Amino acid sequence: MISNPNIISACKLIVILISLQSIIPVFAIPQSSEEHNHEIHCSRERSRTAYKIIEEYLIPFVEQENYELSHKCKLHPGNDMFRDQEEHKIHMDVNEWRCGYCKKSFRAEKFLDQHFDNRHYNLLNVSHNCLADLCGALHCDHVANSIVPKTKCNPAAAARNRHLCESLADSCFPVHQGPSASRLHELFLRQFCDAHTCSGNIKPFLRGGRKHTNIFYLSISILILILLPVFYVIVFLMQREMRKGTQVLRRISKPSLKKKPS
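What counts and what doesn't
- What you see as residue numbers is a count from 1 along each chain, following the sequence as written.
- Confidence filtering applies because this is a predicted model: local features only for residues at pLDDT of at least 70, side-chain atom pairs given and counted only at 80 or more, and all residues used for totals across whole chains, interfaces and linings.
- Side-chain figures throughout are based on the complete set of non-hydrogen atoms in the structure, without hydrogens or water.
- Secondary structure elements follow DSSP: runs of H or I no shorter than four residues count as helices, runs of E no shorter than two count as strands, and numbering proceeds from the N terminus.
- Only protein chains enter the accessibility calculation, which uses a 1.4 Å probe; a residue is then buried when its area is under 20% of its type maximum, exposed when over 50%, and partly exposed in between.
- Should any heavy atoms of two residues lie within 4.5 Å, those residues are considered in contact.
- To measure how exposed things are, a 1.4 Å probe is used in the Shrake-Rupley method; for residues, cover is taken only from the protein chains shown.
- The rule for a disulfide is simple: a pair of cysteine sulfur atoms within 2.5 Å.
- Should a side-chain nitrogen of Lys or Arg be within 4 Å of a carboxyl oxygen of Asp or Glu, the pair is scored as a salt bridge.
- A helix's residues, less one, multiplied by 1.5 Å, set its expected span.
- Across the chain, each position has a pLDDT score giving the predictor's confidence in that residue, from 0 to 100.
- DSSP-based pairing: two strands are paired if at least 2 bridges between them are found.
- Interaxial angle, 0 to 180 degrees, is taken between N-to-C directions of lines fitted to C-alpha atoms, where a helix line uses only the stretch in contact.
- Note on aromatic pairs: the rings of Phe, Tyr and Trp (six-membered ring only in Trp) are paired at centre separations within 6.5 Å, and the planes decide the class, stacked below 30 degrees, edge-to-face beyond 60, tilted for the rest.

Draft legend 1. A look at the overall build of the protein chain. Helices and strands together make up the secondary structure of the protein chain, namely 10 helices and 3 strands. Helices and strands in the protein chain line up, N terminus first, as α-α-α-α-β-β-β-α-α-α-α-α-α. Going through the 262 residues of the protein chain one by one, you find that 26% of them count as buried. Considering only residue pairs separated by 6 or more positions, the protein chain has 64% of its internal contacts joining residues 24 or more positions apart. Counting every atom, the protein chain has about 19200 Å² of accessible surface; 58% of that belongs to carbon and sulfur.

Draft legend 2. Expanded view of the state of the cysteines. For the structure on display, the rule yields 5 disulfides. Disulfide pairing is shown between Cys135 and Cys140; the S-S distance is 2.3 Å. Note on the Cys135 and Cys140 pair: the S-S dihedral is about -75 degrees, so by sign convention the disulfide is left-handed. The exposure classification of Cys135 matches that of Cys140, with both residues buried. At a sulfur-sulfur separation of 2.0 Å, the disulfide partner of Cys153 is Cys198. With the S-S dihedral at roughly -70 degrees, the linkage between Cys153 and Cys198 falls on the left-handed side. In this pair, Cys153 is assigned in the loop between α7 (140–144) and α8 (155–172) and Cys198 in the loop between α9 (179–193) and α10 (215–256), connecting sequence segments 45 residues apart. Assessed through its relative accessible area of 33%, Cys153 is described here as partly exposed. Residue classification places Cys198 among the partly exposed residues on the basis of a relative accessible area of 38%.

Draft legend 3. Spatial organisation of the pattern of salt bridges. Summed over all chains, the structure comprises 19 salt bridges. The shortest N-O distance in the salt bridge between Glu65 and Arg183 comes to 2.8 Å. Residue Glu65 is found in the loop between α3 (59–64) and α4 (83–87), and its partner Arg183 is found in helix α9; the two are separated by 118 residues along the sequence. For Arg98, the salt bridge is made with Glu96, and the minimal N-O distance between the two is 3.4 Å. Since its relative accessible area comes to 25%, Glu96 is described here as partly exposed. Linked by salt bridges that have partners in common, Arg44, Arg48, Glu86, Lys89, Glu109, Asp113 and Asp117 make up one network.

Draft legend 4. Representation of α9 in the model. The end-to-end C-alpha distance of α9, which contains 15 residues, comes to 20 Å, matching closely the 21 Å that a straight helix rising 1.5 Å per residue would cover. At its buried positions, α9 is contacted by α2 (44–57), α3, α6 (135–138) and α8.

Draft legend 5. Examining the confidence of the model for the protein chain more closely. For the protein chain, the mean per-residue pLDDT works out to 82, and 74% of the residues sit at or above 70. Counting interchain partners and residues more than four positions distant, the pLDDT-below-50 stretch residues 24–37 has 1 contact.

Draft legend 6. Highlighting the sheet that holds strand β3 (residues 105–106). Reading across from one edge, β1-β2-β3 is the order of the 3 strands in this open sheet, with antiparallel pairing throughout. Only two strands of the sheet have a single neighbouring strand rather than two, namely β1 (89–93) and β3. As paired strands, strand β2 (residues 96–99) and β3 are joined by 2 bridges and run antiparallel to one another. Bridge assignment links Arg98 to a residue of β3, and that residue is Ser105. The strands touched by helix α5 (residues 109–119) within the sheet are β1, β2 and β3, with β2 carrying the most contacts at an inclination of about 15 degrees.

Draft legend 7. Just the packing of aromatic side chains, in detail. The full count for this structure, using the stated rule, is 6 aromatic pairs. Seen from their ring centres, Tyr67 and Phe173 are 5.7 Å apart, and the 45 degrees between their planes marks the pair as tilted. One end of the pair, Tyr67, is in the loop between α3 and α4; the other, Phe173, is in the loop between α8 and α9, and 106 residues separate them in sequence. For the pair shown, Tyr67 and Phe173 are each scored as buried. Plain terms: the ring middles of Phe188 and Phe192 are 4.6 Å apart, the flat faces sit at 35 degrees to each other, and that makes the pair tilted.

Here you go:
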């Protein structure tokens, strides 16, 4: 039987430490679950589609008018809550995406999206808008689906989307701010809002979008410009060699034509 008070105190301390180790994880679990249970009710994929539509079918005309979108405008590219994370995506190769924050690599963009949600949630700007909320006005489904399914048009939904579209035009391009704002207001209505109808006769983006240089044709043109001089040089050298060959043949054939002495 242990009678030494120091040994007894040491044993009690060990028991207390073991008890604390078993209690601490119990309190730590809720904290950990809170850290990973952040739910953002905003579709990253649809926000990305909305951003691409704005960049493709609106911003070129805004730049042409030298018009500056207000930060209060929901269409302002800087108001996208996912923008900073999207700009930290590095597309290395067809099957390689890299995180710009921690340099980890992933086989597909969707895995990088999951990585952002799990590891870099603190870098998400939740104070900004959810661009996916504007998809109804911006025709995200029309862009996302290469083959638009033939579904019966809902007049109520079309009316809601048109109202949202017109409210964006009014808030982002107030007609009282001058000629540029007035022209952009009219363009936005024609480009986006007129297609919100069940008649089916009007398509979105009638004014077109950003003009892209076709990389394939550009590459072919550069290749032709490089190879064309080479081709002419080869043809020139071949013709010169042929002329030399003809002259040699003439020299050989002339003595043979002389009459033999009798």
